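# Descriptive structure summary
Okay, here's what each chain looks like letter by letter:
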Amino acid sequence: MRTIDFSSWQTTLLTLFGLALVTAIGVGIRLVTMMTIQQRRERINRQINERLRTLIAAYKTLGGSFTGTLTVDPAHRRDLRRRGEAVPAEAADVAIDTGSDRGRRIRDAVEAALSDIILLGTDEQVRLAVRAAGELAAGRPVPTHALVVSLRDFVRAALDLAPVPTDLVLPAQGPTRPAAGGGRGKGERDGASAARGSGGGGGGQGGGGGGGDTVAAGEDAPAPGTRA
């Protein structure tokens, strides 16, 4: 208060300038602090959202099935060929070409989900994922239900959802089965499109040939007013 002096217009200007400078410095510090805090919150929210999105995708991959085979088959193509050595060659080829592709796609998707869980999961989830990855590497079928339960509880807690009622008995969950015939349908659509394109090209060539015949006929015909 000692620096505030309104006795003359010079001191009044100096006082107002000092007050404005102090106010500007205070507002600037506050804005910088708010921007820093907001950027930190946005970064944390992005990290949390990305983590939740990844873990939810892993949950859908590992626990999207309630029926059928609920374990992951770690067999590779070479293992399937070894299994098929005891059967005729025709039967072995059919088994490898039709029955193994689905299992390989499930295994590849589960391995990718386990890698994401090891990167972004909790301590319990990382331990379960490492154990499952070790079982896959050893060539043993792996159930995923325990890891699915851990992921489900974590995601519901992170989203402030109530836990699953304890009086409900949920069936065991296993890896999602890929859609059957997706690649074949796409190949058939591509083949039909190519066939339609070839048909259109053939029609254009036929039209061009017809035009050539017309021109040739015009050249053979005598011009009006002249003798053949």
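Residues numbered from 1 in each chain as written. Predicted model: local features only at pLDDT ≥ 70, side-chain atom pairs only at ≥ 80, totals over all residues. Heavy atoms only, no water.

So, on to the nonpolar core. Core analysis: the biggest nonpolar cluster contains 17 residues, and Leu62, Val110, Leu114, Ile117, Leu136, Leu147 and Leu151 have the highest contact counts within it. Elements supplying a minimum of two residues to this core: α1 (9-63), α3 (89-120), α4 (123-137) and α5 (145-158). A total of 5 residues in this core trace back to one element, the largest contributor, which is α3. Aside from chain neighbours lying at most four places away, what touches Leu136 is Val72, Pro74, Val110, Glu111, Leu114 and Val142. (Core = buried A, V, L, I, M, F, W, Y, C linked by side-chain atoms within 4.5 Å. Buried < 20%, exposed > 50% of the residue type's maximum accessible area, 1.4 Å probe, protein only. Helix = DSSP H or I, 4+ residues; strand = E, 2+ residues; numbered from the N terminus. Contact = heavy atoms within 4.5 Å.)

What follows deals with a nonpolar patch on the surface. Together, Phe17, Leu21, Ile25 and Ile29 make up a nonpolar patch on the protein surface, roughly 420 Å² of accessible area in all. Considering the arrangement of structural elements, one finds Ile29 in helix α1. By relative accessible area, which is 51% here, Ile29 ends up exposed. (Patch = residues over 30% accessible without salt bridge, like charges linked within 9 Å, V, L, I, M, F, W, Y side chains within 5 Å. Areas by Shrake-Rupley, 256 points an atom, 1.4 Å probe, with all protein chains shown as cover. Salt bridge = Lys/Arg side-chain N within 4 Å of Asp/Glu carboxyl O.)

What follows deals with the pattern of salt bridges. A full pass over the atoms with the stated rule returns 4 salt bridges. Between Arg53 and Glu50 there is a salt bridge, with the nearest N and O atoms lying 2.7 Å from each other. Here Glu50 and Arg53 lie together in helix α1, a separation of 3 residues that amounts to about one turn.

Interaxial distance between α1 and α5 falls to 10 Å at its minimum, and their mutual angle equals 145 degrees. The hand of the α1/α5 crossing is left-handed. Residues Arg51, Leu52, Leu55, Ile56, Ala58, Tyr59, Leu62 and Gly63 of α1 touch α5, and the partners they reach there are Leu147, Val148, Leu151, Arg152, Phe154, Val155 and Ala158. (Axes fitted to C-alpha atoms, helices over the stretch in contact; angles between N-to-C directions. Left-handed = near helix turned anticlockwise from the far one by under 90°.)

What follows is about the side chain of Ser65. Within the secondary structure layout, Ser65 lies in the loop between α1 and β1 (71-72). Taking relative accessible area as the criterion, Ser65 reaches 3% and is therefore assigned buried. Only 2.9 Å separates the side chain of Ser65 from the backbone oxygen of Thr67, close enough to count as a polar contact. Setting aside chain neighbours within four positions, we find Ser65 in contact with Leu70, Ala172, Gln173, Gly174, Pro175, Thr176 and Arg177. (Polar contact = N/O pair within 3.5 Å; in protein donor to acceptor, adjacent residues only side chain to side chain.)

As annotated by UniProt and renumbered to match this structure, "transmembrane region" (unreviewed entry) occupies residues 12-33. For residues 12-33, helix accounts for 100% and strand for 0%, while the C-alpha atoms at its two ends are 32 Å apart. (UniProt positions renumbered as here; feature names shortened; annotations may be inferred.)

One way to put it is that α4 packs onto α5 with a least axis distance of 10 Å and a crossing angle of 160 degrees. Between α4 and α5, the angle falls in the class roughly antiparallel. In this structure, the crossing between α4 and α5 has a hand that is left-handed. Where α4 approaches α5, its residues Glu124, Gln125, Leu128 and Ala129 are matched on the opposing element by Ala146, Leu147, Ser150, Leu151 and Phe154. Here the contact of α4 with α5 is built from residues that sort into 6 nonpolar, 2 polar and 1 charged. (Parallel < 35°, antiparallel > 145°, perpendicular 65-115°, else oblique. Nonpolar A, V, L, I, M, F, W, Y, C, P; charged D, E, K, R; others polar.)

A few words now on the confidence of the model for the chain. Averaged over all residues, the pLDDT of the chain is 76; the fraction at 70 or higher stands at 65%. With pLDDT under 50 throughout, residues 200-228 is counted as low confidence; its partners more than four residues away or in other chains account for 0 contacts. (pLDDT = per-residue confidence, 0-100.)

Across its 14 residues, α5 extends 20 Å between first and last C-alpha, which sits within 8% of the 20 Å expected from 1.5 Å per residue. All of the buried residues in α5 are Leu147, Val148, Ser150, Leu151, Arg152 and Val155. After α5 finishes, the residue Asp160 shows a positive phi value of roughly 60 degrees. (Expected span 1.5 Å × (residues − 1).)

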